[in-house]
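Reading the structure
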Amino acid sequence: MSYDPLLAAAAHTHGIFTRRTARGLGISSSGFDRRIKTGKLIKVHRGVYRVSTVARTWQSEALAACLRYGGVASHVTAARLHGLGEFTSTTPDITVAHGAWQPSIGARLHTSRQLHLTTPIEKDGIACTPIDRTILDLGAVLDVNRLTDLTDEAIRRQMLEWRHLYTVLAIHSAHGRNGCGTLRAVLDRQDPAKRVPESKWSRMVERLLLTHGLPKPELEYEIERPDGPPVGRFDLVYPHARLVIELDSRTWHDNAEKFESDRERIRELQVMGWTILPLTWKQFVSDGAGFAAQVAAALMSRIGVDPSPPDTEATNPRFSGRTDLQIAGARVSGRVG
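Residues numbered from 1 in each chain as written. Predicted model: local features only at pLDDT ≥ 70, side-chain atom pairs only at ≥ 80, totals over all residues. Heavy atoms only, no water.

Quick look at the nonpolar core now. In terms of nonpolar packing, the biggest core is built from 48 residues, with I135, L183, Y238, F284 and V295 touching the most fellow members. The greatest single-element share of this core, amounting to 7 residues, is contributed by helix α8 (residues 162–172). Sequence-distant contacts of V295, that is, excluding residues within four places in its chain, are made with L209, L214, Y238, L243, I245 and L277. V44, L63, A65 and V96 belong to the second-largest nonpolar core, a separate cluster that totals 19 residues. (Core = buried A, V, L, I, M, F, W, Y, C linked by side-chain atoms within 4.5 Å. Buried < 20%, exposed > 50% of the residue type's maximum accessible area, 1.4 Å probe, protein only. Helix = DSSP H or I, 4+ residues; strand = E, 2+ residues; numbered from the N terminus. Contact = heavy atoms within 4.5 Å.)

Put into structure tokens, the structure is as follows:
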């Protein structure tokens, strides 16, 4: 039997190929057509084929659908790729960017305005949503109890931590966004005070701001008095704009006495001409995009220029490798969804 590069590579691609991937193996267009005519390649979708000697599997169907529709495996399909839960559905769930939806055959197509907010990963040779975004997406198709079971499993197996779920909810939270309500209900059953210390919450807020294209704030920044000892150290600060973001919850402070002393420090800052934006845990979880919009407006008011210059890999590594259109889609607005 003569050597066939498609057969040699089939084990790594679930037997799925397009003309482009075959060309990368040195197979000409005419050679590809010849394999179709002789039955060595079976059409799965328009422009997507499976090697006839390779069995059809749910993985091959998922990869074929990703290639056909230009999306990533998500929802139940992504959960299966992560090994989460005991799903048996073989119909691929594929998420594509908003505006790319089209009638689909052999796949469940989902559209998202927020696909740019996540970085797909590869599982079993198939591009899929990371585990935190997968759990958020599952909230759109599962009830609270089922999603609670899956999040407990993911935590128990150390696939992620609770803070990752709080963060993904805050970043993607928008009015009407599918999945957010269910995941929020799951997280409301938890006690974040036991799992997310203040320093981690600060990092989560920082990530939220960067995700929405805002400048990087200073964390745990010490503000000096004109004369005398410092006023104190504050959670997130934009020094040049004289803007402070204060994580405002008794849960995140040592005790009631310190909570009250923090209020005194804030009043002193206001007298010194600083603007303080309090952020509660509830607001962070339920309306992160809205809070980011408030920060953007405050920065605009304080420094008089657009606080969101064009992002590059150098200024915001989260946007590494993304197109200008994708970056523009992450710009902060009153509503992201």
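What follows is about the sheet that holds strand β3 (residues 48–51). Read across the sheet, 3 strands follow the order β1-β3-β2 without closing on themselves; strand pairing throughout is antiparallel. In this open sheet, the two edge strands, each paired with only one partner strand, are β1 (16–17) and β2 (41–45). The sheet strands contacting helix α3 (residues 29–37) are β1, β2 and β3, and the helix crosses β2 at an angle near 95°. Running at roughly 65° to β2, helix α4 (residues 58–69) makes contact with β1, β2 and β3 of the sheet. (Pairing = 2+ DSSP bridges. Axes fitted to C-alpha atoms, helices over the stretch in contact; angles between N-to-C directions.)

Below, the discussion takes up the packing of aromatic side chains. Applying the stated criterion to the full structure yields 5 aromatic pairs. Where F32 meets Y49, the ring centres are 5.4 Å apart and the plane angle is 80°; that geometry is what we call edge-to-face. Highlighted residues: F32 in helix α3 and Y49 in strand β3, separated in sequence by 17 residues. Neither residue differs from the other here; F32 and Y49 are each classed as buried. Their ring planes at 40° and their centres at 5.5 Å tell us that W281 and F284 sit as a pair that is tilted. One end of the pair is W281 and the other is F284, both in helix α12 (residues 281–286) and 3 residues apart, which spans about a single turn. In this structure F284 comes out as buried when scored by relative accessible area, which is 1%. Members of the aromatic cluster, connected to one another through ring pairs, are Y166, W201, W281 and F284. The ring of W58 carries the charged tip of R80 above its face, separated from the ring centre by 4.2 Å. Directly above the ring of F234 sits R265, whose terminal nitrogen or CZ lies 4.3 Å from the centroid. (Phe/Tyr/Trp six-rings, centres within 6.5 Å; stacked < 30°, edge-to-face > 60°. Lys NZ or Arg CZ within 6 Å of the ring centre and 35° of its normal.)

Here the focus is the sheet that holds strand β9 (residues 218–223). Taken together, 4 strands build an open sheet; the order of strands is β9-β10-β11-β12 and the sheet is mixed. Across the chains shown, the open sheet's two edge strands, defined by having one partner strand only, are β9 and β12 (275–279). Within the sheet, the average angular offset between the axes of one strand and its neighbour, ignoring direction, is 45°. Inspection of the sheet shows strand β10 (residues 232–238) paired to strand β11 (residues 243–247) by 3 bridges, in the antiparallel sense. Across the sheet, Y238 pairs through a bridge with L243, a residue of β11. Helix α13 (residues 288–303) contacts β10, β11 and β12 of the sheet and is inclined by roughly 180° relative to β12.

With that out of the way, let us pick up helix α1 (residues 5–13). When α1 is considered as a whole, its buried residues turn out to be P5, L6, A9, A10 and T13. Axial view of α1: buried residues confined to an arc of 135°, hence all on one face. Residues of α1 that are buried in the fold lie against β1, α2 (19–23), α3, β2, β3 and α4. Where α1 starts, the residue carrying a side-chain oxygen 2.9 Å from the main-chain nitrogen of L6 turns out to be D4. Following α1 by one or two positions, H14 has its phi on the positive side, about 60°. (Arc of directions from axis to C-beta. Polar contact = N/O pair within 3.5 Å; in protein donor to acceptor, adjacent residues only side chain to side chain.)

Turning our eyes to something else, we now look at the packing of helix α6 (residues 131–138) against α8. Two numbers describe how α6 lies on α8: the axes approach to 9 Å, and their chain directions differ by 65°. Where α6 crosses over α8, the two elements pack in a sense that is right-handed. In this structure, α6 contributes D132, R133, I135 and L136 to the contact, and α8 contributes H164, L165, V168, L169 and H172. (Left-handed = near helix turned anticlockwise from the far one by under 90°.)

Applying the stated criterion to the full structure yields 11 salt bridges. Among the salt bridges present, the one from R35 reaches D4, with a minimum N-O distance of 3.3 Å. Of the two residues, R35 is situated in helix α3 and D4 in the segment before α1; the sequence distance between them amounts to 31 residues. Here R35 matches D4 in class, with each residue buried. R133 serves as the salt-bridge partner of D137, at 3.1 Å between the closest nitrogen and oxygen. Of this pair, D137 and R133 both sit in helix α6, 4 residues apart, which is roughly one turn of that helix. There is no split in this pair, since D137 and R133 are both buried. (Salt bridge = Lys/Arg side-chain N within 4 Å of Asp/Glu carboxyl O.)

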